[in-house]
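Commentary on secondary and tertiary structure
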Amino acid sequence: MNVADSERMAGLLKKIGYTLTEDADRADLILINTCCVRGTAEDKVFGQIGRFKSLKREKPSLILGVAGCMAQKEGENLIKRAPHIDFVLGTGQSSEVARVVQSLERERKHFIDTSNVSGEIPTEVFPLRGGQVSTFVPIMYGCNNFCTYCIVPYVRGRERSRKPEEIFAEVKQAVAEGFKEITLLGQNVNSYSGGMTFAELLTAVDKIDGVKRLRFMTSHPKDLSDELIAAIAGGKNICEHIHLPVQYGSDKILKRMNRVYTVEKYLKLVEKIRKAIPNLSLTTDLIVGFPGETEEDFLETLDFLRAVKFDAAFTFIYSKRSGTPAATFDNQIDDETKHRRLDELMKVQNAISLEKNLALKNSVVEVLVEGASKTDDKIFMGRTRSNKLILFEHGNEQAGDLIKVKITQAQTWLLKGKII
Ligand code: SAH
Ligand code: SF4
């Protein structure tokens, strides 16, 4: 979501004459787009703000801004803590970025606006998209779910859906720019309410010429509909991959997290999806060390992982976010236990991911070519429809081509293959 927001702000700044640079030393404007979903993300931002202090001293004309979730949460505290920041722009005001920068070009004084967290979604957007093959299109902003650990509803406001016509226009624009793969984005795409259901929206985007692959994230298990499962199963270019964050594998903790489903309900849902969509790739998010987690809860979660067999899982240590209900819960877990449990969880999941990948050996998969690998320009990388990274020896392929590759080697996070 932050990548998509950054591209939108970059597009607005381009209109007033700015271009992107990788070199902070040469920049006239540095805009830090922030995340505050976990404490580690915030710490990184403070480190970055500190590093830019000497740059500002050397070049007083440099404008330094902070946008995104942490800007929304901290507001003027950021400037109190680091007065070399020129402006702080909350999540609902990101479309104001060009106006704010222009006013700072004329007159330097601190500017802070975090007034409207559920601000209107801009209708005209001109994102300056990164990459060349795959891109994000937000379909909704905000969240109404209030999982007890999560800060997102407080810093991104209530759920608002974009109109289908605007989404279609943006997808067509991205295709015209050469993008082949579109990922529709929302905190919970299943509750899309822009005038049609999410399944209808997905099916309509699937029909747009030039969309070679279509993905979406994220789906909340509580309302992933039969209609959506049927849309994926019957889709043209909708990839057979669902990211379905479970967060935990015991009912007691799920209840305390306010996730509104049980382990049994989740397992039944997975069974239903797998029946309807052969070759489904299923990934998830998990949090360990939630307040009140006992060893028994944790072992139940390991059993749950062994039962579901996710293709991959993003695993996080619970991070206490002030202002969320869970921050005030009793029985917060100590750091050592959290780290031990994370290691054990990852060990169990990594073995499953490897087993799943090994089972793919000798099969032939469709790969969307992304370009040369980072370390060797004779080796290209791409992604399977299941969203797995695959390396192969380069022939005449170009980024954006769809090719067939036979899988010859499998690792936990990576496949290797030969073009056929
Ligand atoms: N809306 C999405 C996810 C948004 S945040 C969803 O509901 O799935 C991405 C992930 O960060 C979450 O799935 C969760 O696993 C993790 N997360 C959120 N708050 C967290 C916290 N306080 N500590 C650790 N991980 C957290
Ligand atoms: Fe956070 Fe839950 Fe909303 Fe996801 S659904 S953004 S985890 S509150």
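None of the values given here were measured: they were computed from a predicted structure. (Residues numbered from 1 in each chain as written. Chains lettered and ligands numbered in written order. Predicted model: local features only at pLDDT ≥ 70, side-chain atom pairs only at ≥ 80, totals over all residues. Heavy atoms only, no water.)

Around ligand 2 lies a shell formed by Cys143, Asn145, Phe146, Cys147, Tyr149, Cys150, Val152, Pro153, Gln187, His220 and Arg259. Considered class by class, the residues forming the shell around ligand 2 number seven nonpolar, three polar and one charged. (Near = heavy atom within 4 Å. Nonpolar A, V, L, I, M, F, W, Y, C, P; charged D, E, K, R; others polar.)

Every one of the 15 residues lining ligand 1 counts as a neighbour, but Arg38, Gln187, Gln247, Asp285 and Ser319 are closest to it. Within the side chain of Arg38, a nitrogen or oxygen atom sits 3.0 Å from an oxygen atom of ligand 1. The contact in question runs from a nitrogen atom of ligand 1 to an N or O atom on the backbone of Ser319, over 2.8 Å. For ligand 1, whose unbound accessible area comes to 540 Å², protein coverage reaches 89%. Elements with a contribution of two residues or more to the shell around ligand 1: strand 11 (281-288) and strand 12 (312-317). (Polar contact = N/O pair within 3.5 Å; in protein donor to acceptor, adjacent residues only side chain to side chain. Areas by Shrake-Rupley, 256 points an atom, 1.4 Å probe, with all protein chains shown as cover. Helix = DSSP H or I, 4+ residues; strand = E, 2+ residues; numbered from the N terminus.)

A full pass over the atoms with the stated rule returns 31 salt bridges. One salt bridge in this structure joins Arg306 and Asp303, with 3.1 Å as the shortest N-O distance. With a gap of three residues between them, Arg306 and Asp303 both fall in helix 12 (residues 295-308), about one helical turn apart. Among the ionic pairs, Glu355 bridges to Lys309, the shortest N-O distance being 3.4 Å. Separated by 46 residues along the polypeptide, Glu355 in helix 13 (residues 335-358) and Lys309 in the loop between helix 12 and strand 12 bring together distant segments of the chain. What you see here is one network of salt bridges that share partners, running through Glu181, Arg213, Arg215, Glu240, Glu366 and Arg385. (Salt bridge = Lys/Arg side-chain N within 4 Å of Asp/Glu carboxyl O.)

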